[in-house]
Amino acid sequence: MPTQTVVVDSGASGRFTVDTRYAFVKKLGGGAYGLVAQFNDSVTGEVVAIKKTTKAFDDPVDAKRTLRELKLLNHLNHENIVRLVDVLPGGATSAREQQDVYAAMESMDTDLHQIIRSKQALTDEHAQYFMYQLFCALQFMHSADVLHRDLKPGCAATPPVHLHPPCHGQKPELCAVVLTSNVHQLGHAQQSAGEQKL
């Protein structure tokens, strides 16, 4: 598939190399593990958020985090967990050329952090509804022996909140699954650390 380079942000990491089927809409944000931009998919008509992880393979720890996030998003199929749509090669023609990883996920308009900071009035019913949906996502993750290690309002993507009627049909979805642990691996690591202290 032909690719295009889109300038999302100034700087080297702000240049996205994506398939021509994706039309850039806007920058959504960024963090320690990548830059995220919104695109329209001309083939499916879907709006997606593409996360670019720059130089994903330079450090073995970062490479494992990226792989873990992609594998978990691929397997954790739940209405309250952001859905992985595709993984893009970013213009690389071989595995040796691959520098950056592009993960296309369903796009949400905002997150709970932005909603909490906004001037929009939120009722107890809003808070209960959002918490219920987040607990559903966590229960599903925990049933798969996966822990989310970075829970915060910014990791709960959501459509815009409309007050009347509150929240109906709007479900927040957990994202930023990159900081997760397998419960069994975590328990084994804690046991090993405890043995080393003795």
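Remember, it's a predicted structure, so these values are computed and weren't measured experimentally.

Its identity as a non-glycine residue notwithstanding, Lys55 has a phi of 50°, on the positive side. Structurally, Lys55 can be placed in the loop between β5 (47-53) and α1 (60-75). One non-glycine residue with positive phi stands out, namely Asp145, at about 60°. Counting through the fold element by element, Asp145 comes out in the loop between α3 (124-143) and β9 (146-148).

Here we take up the sheet that holds strand β4 (residues 34-41). An order of β3-β4-β5-β7-β6 is seen for the five strands of this open sheet, with the pairing classed as antiparallel. Each edge of the open sheet carries a strand with a single partner, namely β3 (22-31) and β6 (84-88). Ignoring strand direction, the axes of neighbouring strands in this sheet form an average angle of 25°. Bridge analysis of β6 against strand β7 (residues 101-106) gives four bridges, and the strand direction is antiparallel. Bridge pairing links Asp86 to Ala104 in β7.

A separate point is the environment of Tyr22. Its location among the elements puts Tyr22 in strand β3. Tyr22 sits in the buried class, given a relative accessible area of 1%. Each C-alpha atom of the pair Tyr22 and Glu46 lies 9.7 Å from the other, and the pair is 24 residues apart in sequence.

Another aspect to go through is the pattern of salt bridges. Proximity of charged atoms lets side chains of opposite charge pair with each other. For the structure on display, the rule yields five salt bridges. Notably, a salt bridge pairs Arg83 with Glu46, separated by 2.4 Å at the nearest N-O pair. Here Arg83 is found in the loop between α1 and β6, whereas its partner Glu46 is found in the loop between β4 and β5, with 37 residues between them in sequence. Given a relative accessible area of 22%, Glu46 falls into the partly exposed group. Notably, a salt bridge pairs Asp100 with Lys52, separated by 3.8 Å at the nearest N-O pair. Note that Asp100 is positioned in the loop between β6 and β7 and Lys52 in strand β5, a separation of 48 residues in sequence. Note on accessibility: Asp100 and Lys52 belong to one class, buried.

Cut-off values and rules
Residues numbered from 1 in each chain as written. Predicted model: local features only at pLDDT ≥ 70, side-chain atom pairs only at ≥ 80, totals over all residues. Heavy atoms only, no water. Helix = DSSP H or I, 4+ residues; strand = E, 2+ residues; numbered from the N terminus. Pairing = 2+ DSSP bridges. Axes fitted to C-alpha atoms, helices over the stretch in contact; angles between N-to-C directions. Buried < 20%, exposed > 50% of the residue type's maximum accessible area, 1.4 Å probe, protein only. Salt bridge = Lys/Arg side-chain N within 4 Å of Asp/Glu carboxyl O.

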